[in-house]
Amino acid sequence: NAGVTQTPKFRVLKTGQSMTLLCAQDMNHEYMYWYRQDPGMGLRLIHYSVGEGTTAKGEVPDGYNVSRLKKQNFLLGLESAAPSQTSVYFCASRQGVSYNEQFFGPGTRLTVL
Amino acid sequence: SQQGEEDPQALSIQEGENATMNCSYKTSINNLQWYRQNSGRGLVHLILIRSNEREKHSGRLRVTLDTSKKSSSLLITASRAADTASYFCATHGQAGTALIFGKGTTLSVSS
């Protein structure tokens, strides 16, 4: 099992460009999450999903959109990137409501110039 | 808003010493978890303690929880250089579906 994978690993964008980050998990987990990690800030929740076809806003959702069309994939989109979105993005998954441990991907380092 | 706050922000010790990190949180919780993050990597789950538990052990890890003080501590005994990492506490609210993370403690263990 690959666990949680993220594509791409690194990306540099110019202000105003758009991109999609892909998260995939092969553990048949129900819940999936997108976080961003900035120096000294810990992890902050952007959006999450409690099942295929569902999404919900987290603590810092502005400027991001998400989709969960397939259970194994959770996509994070930036429609018009801004320098404030320079960060490391982590995806995580969790088996379900009765299971509390989250499994994290390796992260995507995004720089917006 | 950040739920957990770890203390200290940074900790440097020698191999063989014990490392203690503390976490305080604001609202009632269902459980509290500790995660480790090695430099440039994703987070890895270490241990979970439920709100009705006071202490839990896993190998060289010992976690305590004091819900009256809304605080937890993580003790790593006999530290090794490989324990060098950032450690985060994260809380699950009573009805929460997502974890809320603290800002982390960076632990450096020198040989």
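Residues numbered from 1 in each chain as written. Chains lettered and ligands numbered in written order. Predicted model: local features only at pLDDT ≥ 70, side-chain atom pairs only at ≥ 80, totals over all residues. Heavy atoms only, no water.

Regarding the state of the cysteines
Worth spelling out the cut-off: For the purposes of this analysis, a disulfide is any pair of cysteine sulfur atoms at a distance within 2.5 Å. Secondary structure is summarised from DSSP: a helix means a run of H or I of at least four residues, a strand means a run of E of at least two, and numbering begins at the N terminus for each. Relative accessibility decides the category of a residue: with a 1.4 Å probe and only protein chains considered, values under 20% of the type maximum give buried, values over 50% give exposed, and everything between is partly exposed.
Going through the model one piece at a time under the given rule, you end up with two disulfides over all chains. Put simply, C23 of chain A and C91 of chain A are joined by a disulfide, and their sulfur atoms are 1.8 Å apart. When the S-S torsion is -75 degrees, as for the bridge of C23 of chain A with C91 of chain A, the disulfide is left-handed. With C23 of chain A in strand β3 (residues 19–25) and C91 of chain A in strand β9 (residues 87–94), the pair connects residues that are 68 residues apart, well separated along the chain. The residues C23 of chain A and C91 of chain A share a single accessibility class, namely buried. Sulfur-sulfur distance for the disulfide between C23 of chain B and C89 of chain B comes to 2.0 Å. Note on the C23 of chain B and C89 of chain B pair: the S-S dihedral is about 65 degrees, so by sign convention the disulfide is right-handed. Residue C23 of chain B is found in strand β3 (residues 19–24), and its partner C89 of chain B is found in strand β9 (residues 85–93); the two are separated by 66 residues along the sequence. Both residues of the pair, C23 of chain B and C89 of chain B, belong to the buried class.

Any functional reading would require information beyond the geometric quantities listed.
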